[in-house]
Amino acid sequence: MSARLNPEKLLLSKWTARQVSAREKHFLVVELLREQAPTGELGAVDAVVLEAVLTKRQRTLKWRELTDSNAWRQGWQ
């Protein structure tokens, strides 16, 4: 996977975990979490919420963790 990943375009993207845990392999980005500036304005994407397709369980991680090709693959394989 390319290290060039645009965090603004991650919403609803599909991901496959390299290490399957609790039968959770396929994930969908369901929310983008943004930094909040002192002025109250929303800033850049800081993290994403991934939802497992099979179990609907959610996990939050820094969006840059998706660039780790040992842990994640873009798309559903």
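For the structure, check the block above.
Residues numbered from 1 in each chain as written. Predicted model: local features only at pLDDT ≥ 70, side-chain atom pairs only at ≥ 80, totals over all residues. Heavy atoms only, no water.

Before we go on, may I ask you to explain the overall build of the chain in this structure?
Summing up its helical and strand segments, the chain has 0 helices and 5 strands in all. Across the chain, helices and strands are ordered from the amino to the carboxyl terminus as β-β-β-β-β. Across the 77 residues that make up the chain, the buried fraction comes to 30%. Sequence separation of at least 24 residues holds for 43% of the intrachain contacts in the chain that already meet a minimum separation of 6. Roughly 5300 Å² of accessible area belongs to the chain as shown, and the carbon and sulfur atoms make up 47% of that amount. Placing the 13 positive and 9 negative side-chain charges of the chain at their respective mean positions leaves the two points 10 Å apart. (Helix = DSSP H or I, 4+ residues; strand = E, 2+ residues; numbered from the N terminus. Buried < 20%, exposed > 50% of the residue type's maximum accessible area, 1.4 Å probe, protein only. Contact = heavy atoms within 4.5 Å. Areas by Shrake-Rupley, 256 points an atom, 1.4 Å probe, with all protein chains shown as cover. Lys, Arg positive; Asp, Glu negative; His and termini not counted. Charge placed at Lys NZ, Arg CZ, Asp CG, Glu CD.)

What exactly am I supposed to notice about the sheet that holds strand β1 (residues 14-21) here?
Backbone hydrogen bonds are what pair the strands of a sheet, in a parallel or an antiparallel way. The sheet built from 5 strands is open, its strands ordered β4-β3-β2-β1-β5 with antiparallel pairing. Each edge of the sheet is formed by a strand with only one pairing partner; in this case those strands are β4 (58-62) and β5 (72-74). Across the sheet, the axes of successive neighbouring strands diverge by a mean angle of 35°, strand direction being ignored. As paired strands, β1 and strand β2 (residues 24-36) are joined by 4 bridges and run antiparallel to one another. Residue pairing for β2: Thr 16 is matched across the bridge by His 26. (Pairing = 2+ DSSP bridges. Axes fitted to C-alpha atoms, helices over the stretch in contact; angles between N-to-C directions.)

When you look at the packing of aromatic side chains in this model, what are you seeing that I'm missing?
Aromatic rings considered in pairs are described by the distance between their centres and by the relative angle of their planes. Using the criterion set out here, one finds 1 aromatic pair in the structure. Ring geometry for Phe 27 and Trp 72: centres 5.3 Å apart, planes at 80°, overall edge-to-face. Residue Phe 27 is located in strand β2, and its partner Trp 72 is located in strand β5; the two are separated by 45 residues in the primary sequence. When sorted by exposure, Phe 27 lands in the same class as Trp 72, which is buried. (Phe/Tyr/Trp six-rings, centres within 6.5 Å; stacked < 30°, edge-to-face > 60°.)

What exactly am I supposed to notice about the environment of Thr 55 here?
Tracing the sequence through the fold places Thr 55 in the loop between β3 (42-52) and β4. Separated by 30 residues in the primary sequence, Thr 55 and Lys 25 have C-alpha atoms spaced 10.0 Å apart. Excluding residues that lie within four positions of it along the chain, Thr 55 makes contacts with Ala 22 and Glu 24. In this structure the side chain of Thr 55 is engaged in a polar contact, spanning 2.6 Å, whose partner is the side chain of Glu 24. (Polar contact = N/O pair within 3.5 Å; in protein donor to acceptor, adjacent residues only side chain to side chain.)

Would you explain the pattern of salt bridges in this entry?
Should the charged atoms of two oppositely charged side chains come close, the side chains can pair. Under the defined criterion, the tally for this structure stands at 4 salt bridges. A salt bridge links Arg 34 to Glu 8; its shortest N-O distance comes to 2.7 Å. Residue Arg 34 is found in strand β2, and its partner Glu 8 is found in the segment before β1; the two are separated by 26 residues along the sequence. The partly exposed category is assigned to Arg 34, whose relative accessible area is 33%. The class for Glu 8 is partly exposed, based on a relative accessible area of 43%. Connected through salt bridges with shared partners, the residues Glu 24, Arg 57 and Arg 59 form a single ionic network. (Salt bridge = Lys/Arg side-chain N within 4 Å of Asp/Glu carboxyl O.)

It is worth stressing that arrangement in space is one thing and function is another; only the former is reported here.
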